[in-house]
Amino acid sequence: MKNIQIIDGADNSVFDIFAAAEEEFSLIFADGHDVAFIDELMASGPESELDDAFNRIWTRRIPHARCNGYPRHSFFRVGS
C-alpha cells in the first residue's frame, strides 16, 4: 500500500490521506507523475476502473497521526 493525500475542492477543503494498493496507485499516478487532477485523470483513463479504484481507496482513510508520509497528491473536486 502507498499513501496518497486527497485534496478536495470544497470551500472547507480537507486534506485526507488514504492508502492505495499498488495497482490503484499505478492507475492514478501513471508514468511516474507526482500529482493527479481528477478531471484530467478521468478524461484520459478507463472511467469505470478509476471509479472502482477510488471507491476502494475511500474505505482506507488514514488518520494523520498514524501516517508515515504521503509521497503523492491528487486534487479531487466533488460537485461544482
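Provided above is the structure to which this section pertains.
The structure presented is a predicted model; accordingly, all values stated were derived computationally and were not measured.

A. Highlighting the packing of aromatic side chains. Going through the model one piece at a time under the given rule, you end up with 3 aromatic pairs. On the basis of an interplanar angle of 70 degrees and a centroid distance of 5.2 Å, the ring pair of Phe18 and Trp58 is categorised as edge-to-face. Within this pair, whereas Phe18 is found in strand S2 (residues 15-20), its partner Trp58 is found in the loop between helix H3 (47-57) and strand S4 (61-62), the two being separated by 40 residues in sequence. When its relative accessible area of 7% is taken as the criterion, Phe18 is described as buried.

B. Here's a closer look at H3. Turning to H3, its buried residues number three or more, namely Leu50, Ala53, Phe54 and Ile57. The buried residues of H3 occupy an angular sector of 95 degrees when the element is viewed end-on, so they sit on one face.

C. Representation of the side chain of Asp16 in the model. Mapped onto the fold, Asp16 is located in strand S2. At 3.4 Å, the side chain of Asp16 and the side chain of Arg61 are in polar contact. In this view, Asp16 contacts Ile4, Gln5, Ile6, Arg61 and His64; residues no more than four positions away in its chain are not counted.

D. Seen up close, the pattern of salt bridges. Counting across every chain of the model gives 4 salt bridges. A salt bridge links Glu22 to Lys2, with the nearest nitrogen and oxygen atoms 3.4 Å apart. Taken together, the positions of Glu22 in helix H1 (residues 22-28) and Lys2 in strand S1 (residues 2-8) put the pair 20 residues apart, joining distant regions of the chain. When its relative accessible area of 42% is taken as the criterion, Glu22 is described as partly exposed.

E. Geometry of the pairing of S2. Most of S2 is tucked away: 5 of the 6 residues are buried. Here 6 bridges tie S1 to S2, and the two strands are oriented antiparallel to one another. For Gln5, the partnering residue across the bridge sits in S2 and is Ile17. Counting the residues between successive antiparallel strands, the hairpin from S1 to S2 contains 6 residues. With 2 bridges joining them, S2 and S4 adopt antiparallel strand pairing. Residue pairing across strands places Ile17 opposite Ile62, the latter belonging to S4.

Rules of the game
- Residues numbered from 1 in each chain as written.
- Predicted model: local features only at pLDDT ≥ 70, side-chain atom pairs only at ≥ 80, totals over all residues.
- Heavy atoms only, no water.
- Phe/Tyr/Trp six-rings, centres within 6.5 Å; stacked < 30°, edge-to-face > 60°.
- Helix = DSSP H or I, 4+ residues; strand = E, 2+ residues; numbered from the N terminus.
- Buried < 20%, exposed > 50% of the residue type's maximum accessible area, 1.4 Å probe, protein only.
- Arc of directions from axis to C-beta.
- Polar contact = N/O pair within 3.5 Å; in protein donor to acceptor, adjacent residues only side chain to side chain.
- Contact = heavy atoms within 4.5 Å.
- Salt bridge = Lys/Arg side-chain N within 4 Å of Asp/Glu carboxyl O.
- Pairing = 2+ DSSP bridges.

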